[in-house]
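Per-entry structural report
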Amino acid sequence: GQKVLAKGVVDITNCRFYVYNEYGKAIESFKVAAGAPSTPTKPGIRKVLGKQTYPYKTCPRKSKRYRFPRDYGPRLAYVNHVDTITGELFDRGDYVHGTKFERALLRENRHVTHSCVRFHNRDAMYIVLDVLKIGDYLKYVK
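One structure accompanies this document, and this report is about it. This one's a predicted model, so the numbers in the text were calculated from it and none came from an experiment. (Residues numbered from 1 in each chain as written. Predicted model: local features only at pLDDT ≥ 70, side-chain atom pairs only at ≥ 80, totals over all residues. Heavy atoms only, no water.)

A short note on the overall build of the protein
Formally: Numbering of helices and strands starts at the N terminus; helices are DSSP runs of H or I of at least 4 residues and strands are runs of E of at least 2. We take the radius of gyration over the C-alpha atoms and set the globule estimate at 2.2 Å times the residue count to the 0.38 power. A 1.4 Å probe rolled over the protein chains alone gives each residue an accessible area, and that area as a share of the maximum for its type sets the label: buried under 20%, exposed over 50%, partly exposed in between. By definition, residues are in contact when any of their heavy atoms lie within 4.5 Å. All accessible-area figures derive from a Shrake-Rupley calculation using a 1.4 Å probe, and residue coverage is judged against the displayed protein chains alone.
In terms of helices and strands, the protein carries 2 helices and 9 strands. Each helix and strand of the protein, ordered N terminal to C terminal, gives the series β-β-β-β-α-β-β-β-β-α-β. What you see for the protein is a C-alpha radius of gyration of 14 Å, in line with the 14 Å of a compact globule of 142 residues. Taken along its principal axes, the extent of the C-alpha atoms in the protein is 40 × 35 × 30 Å. Per-residue burial for the protein yields a buried fraction of 42% across its 142 residues. The long-range fraction of contacts in the protein, counting pairs at least 24 apart against all pairs at least 6 apart in sequence, stands at 56%. With an accessible surface of roughly 8,300 Å², the protein has 53% of that area assigned to carbon and sulfur atoms.

Quick look at the structure:
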């Protein structure tokens, strides 16, 4: 198969997100929150399948995004797990999004989410709007 460069790398252990350019060089770094020990963010490859904007009114009415939109900040990207052997998408994914709990990003231990990767809202606006395109790949590493 063809080689595809990831647009970003999530360092799960250190709770950082690195943006890469088209030459495979890290050009920016952001503090993020990642999965708590009981709901860890798993390593692997994710593909950006969709992007949504606050107040998330196009989401299913039962969804937490619809009912508690501020929890997800101003923007989110939906990312699906990719089988690294076949390239097939798994039918599960998670989110890259902002948060109303921005103070949690100041803490030393930022392993607090239900497996999502949370950004400061200002960073989420930039990452989801300007950096990530539909179809981009992200690599999650421990």
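Description of unusual backbone geometry
For the bond from tyrosine 54 to proline 55, the omega torsion is 10°, close enough to zero to count as cis. You can see proline 55 is positioned in the loop between strand E4 (44-53) and helix H1 (64-67). Phi is positive for cysteine 15, which is not a glycine, with a value near 55°. Residue position: cysteine 15 is located in the loop between strand E1 (8-11) and strand E2 (16-20). With relative accessibility at 2%, the residue cysteine 15 sits in the buried group.

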